[in-house]
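Fold and contact review
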Amino acid sequence: MIGSDQKYAAELLMQGELVAIPTETVYGLAANALNEDAVINIFEAKQRPKFDPLIVHTHDVSEFEKFAIIESDLVYQLAERFCPGPITFILPKRDIIPDIVTSGHETVGLRIPNHQLTLDLLKRLSFPLAAPSANPFGFTSPTTALHVQNQLGEKIPYILDGGKCEVGIESTIVKVVDDEVEVLRLGGISVEEIESVIGKRVKRVKTSSSNPTAPGMLSSHYNPGVKVEVGDIEKLLSEHRNQKVGILAFDNNRYESFENVTEVKVLSPTGSLSDATQNLFSYLRDFQKSNIEILIAEPAPAKGLGLAINDRLKRAAAK
Ligand code: TXA
Ligand code: MG
C-alpha cells in the first residue's frame, strides 16, 4: 500500500515490519536497525546476498556516537557541511549494531537523509533505520513510490510516499582512514565538493567485482532490464543499424531523426548535471517499457556529478 501516513509507518516499523521510505537520493527499504529479525526481512524481500552490508539512517549527527566511534574530526567537518544530505560515513561500529546489518564487518555506514518526511519519522522512533535502496538486488534504484510498488509492492506492507527523489542517485560513500578521505562510491555529493571542505584530495577506491569488502562496488549493478551500451552515440548507432535503438542523450535530441531510433530521452536539455542526475534512474526504467532492442547512452561530462552518472551508466551496461 502507498500512502503518506507517517504515524502508521512508525507503528509498522516498531512492530518489526518493513516500510519503504523516501529520501533525497532514492527510496529505501527500511526496518529497525537494532532488530535482527526485522533486518533479515530486508535481505529476503530484496533477495540481497547477506555479504552486502546495509546503511543505517538516523536524524542527527549527535546520534552517530551511539552507533559508531568517530576518531577523526574530518567526519564532523564533512557532516557539518553535508548533513542532512547524500553522504554516508563508514565508521567503526559499536556493539549495539547487529552483525547482520554490517555483514559481519567491523564498520557501519551511517547517513542522515535530507527528506523532511523521513527525518520526522526517524525523530519519532527510538531506533535507527537500516535501509538499502528499495529495489530487488542488482536492479536500478527507485526514485518514486510507484517504482517501489512495481517491483516490491507485494513484499512491503507500506510505502511512505514522499514524491520524486530530488537527487535521484544514491549517497556518496566515504571512509576516513588515517586522516585521508576515501570515496568508496560516487554519489549525490561530488568529489570536488568534498575536497573543497577538507582542503585536500580524496582517494578514489576503484570499482572491482573481485572486492567483496565493498559490495556496493559490484561492477554489474543497476540492471535496467534492457541491454545498454555507453559511448559515442553516432559511432554506436552505426554499429547497431539493424536494431531498434533507444537513446539516452545527455543534453540534446538531434538523434530523433535517425532511421532506426525508436525513442530518445534527454537527461537535461539545459546541460545541468543535477537535473540529469535526478532523471537518470527513472529514464532508464522508462526504456524498459519501450519497444527497443538496445539502449545507447551518452556519457555525461566527466566532472562533478557527471562522474557519478557515468559510474551508474557503466554498471548498467556491465554484463
Ligand atoms: O542513498 C543511499 O545511500 C540509499 C538511501 C536509501 O539511503 N541507500 C543505498 O543503499 O544506496 P544500498 O544498500 O543500495 O547501497 C549501500 C552500499 C552497499 O552497496 C554496501 O556495500 C555499502 O553501501 N556499505 C554499507 N555498509 C558498508 C560498510 N560497512 N563497508 C563498506 N561498504 C558498505
Ligand atoms: Mg542499492
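1. Comments concerning the packing of helix α4 (residues 73–82) against helix α8 (residues 191–198)
α8 packs onto α4 with a crossing angle of 120° between their chain directions and a minimal axis gap of 10 Å. Judged by the inter-axis angle, α4 sits oblique to α8. Judged by the twist between their axes, the crossing of α4 over α8 is right-handed. When α4 is examined against α8, the residues Leu74, Gln77, Leu78, Arg81 and Phe82 are found in contact with a partner set consisting of Glu193, Ile194, Val197 and Ile198. Its residues assigned to classes, the contact of α4 with α8 comprises 6 nonpolar, 1 polar and 2 charged.

2. Some thoughts on the sheet that holds strand β14 (residues 261–266)
The pairing of strands in a sheet comes from backbone hydrogen bonds and takes either a parallel or an antiparallel form. Taken in spatial order, the 4 strands of this open sheet run β12-β15-β13-β14, and their pairing is parallel. In this open sheet, the two strands that pair with only one neighbour each are β12 (228–230) and β14. Neighbouring strand axes in the sheet, compared pairwise and without regard to direction, differ in orientation by 20° on average. As judged from the 5 bridges shared by strand β13 (residues 245–249) and β14, these two strands associate in the parallel manner. When the bridges of β14 are listed, valine 245 appears paired with valine 261.

3. What to know about a negative patch on the surface
A cluster of acidic side chains, namely Asp73, Asp178, Asp179 and Glu180, defines a negative patch on the protein surface. Take aspartate 178: it is sitting in the loop between β9 (172–177) and β10 (180–185). Using a relative accessible area of 72% as the deciding quantity, one classes aspartate 178 as exposed.

4. Some thoughts on unusual backbone geometry
The phi torsion of most residues other than glycine is negative, and most of the peptide bonds are trans. Residue proline 84 is reached from cysteine 83 by a cis peptide bond, and omega for that bond is -5°. Backbone geometry at serine 103 places phi at a positive 55°, although glycine is not the residue there. With respect to the helices and strands, serine 103 occurs in the loop between α5 (99–102) and β6 (107–111). Here the phi dihedral of aspartate 179 falls at roughly 65°; this positive angle occurs in a residue that is not glycine. Mapped onto the elements of the fold, aspartate 179 is located in the loop between β9 and β10.

5. Re the pattern of salt bridges
Side-chain pairs of opposite charge can arise where the charged atoms are in close proximity. Scanning all chains against the criterion turns up 16 salt bridges. With its nearest N and O atoms 3.6 Å apart, the salt bridge here joins aspartate 99 to lysine 93. Given a relative accessible area of 11%, lysine 93 falls into the buried group. Its salt-bridge partner being lysine 227, residue glutamate 229 comes within 3.3 Å of it at the nearest N-O pair.

6. Some points on the sheet that holds β9
Across the sheet, 11 strands lie side by side as β1-β8-β2-β3-β7-β4-β6-β5-β9-β10-β11; this open sheet has mixed pairing. On the outer flanks of this sheet lie β1 (2–3) and β11 (203–204), each paired with one strand and no other. As paired elements, strand β5 (residues 87–92) and β6 share 5 bridges and run antiparallel to each other. The partner of isoleucine 90 across the bridge, within β6, is glycine 109. The sheet strands contacting helix α1 (residues 6–14) are β2 (19–21), β3 (28–32), β7 (129–130) and β8 (158–160), and the helix crosses β8 at an angle near 135°. Packed onto the sheet, α4 meets β5, β9 and β10 and runs at close to 155° relative to β5.

Conventions we followed
Residues numbered from 1 in each chain as written. Chains lettered and ligands numbered in written order. Predicted model: local features only at pLDDT ≥ 70, side-chain atom pairs only at ≥ 80, totals over all residues. Heavy atoms only, no water. Axes fitted to C-alpha atoms, helices over the stretch in contact; angles between N-to-C directions. Helix = DSSP H or I, 4+ residues; strand = E, 2+ residues; numbered from the N terminus. Parallel < 35°, antiparallel > 145°, perpendicular 65-115°, else oblique. Left-handed = near helix turned anticlockwise from the far one by under 90°. Contact = heavy atoms within 4.5 Å. Nonpolar A, V, L, I, M, F, W, Y, C, P; charged D, E, K, R; others polar. Pairing = 2+ DSSP bridges. Patch = residues over 30% accessible without salt bridge, like charges linked within 9 Å, V, L, I, M, F, W, Y side chains within 5 Å. Areas by Shrake-Rupley, 256 points an atom, 1.4 Å probe, with all protein chains shown as cover. Salt bridge = Lys/Arg side-chain N within 4 Å of Asp/Glu carboxyl O. Lys, Arg positive; Asp, Glu negative; His and termini not counted. Charge placed at Lys NZ, Arg CZ, Asp CG, Glu CD. Buried < 20%, exposed > 50% of the residue type's maximum accessible area, 1.4 Å probe, protein only.

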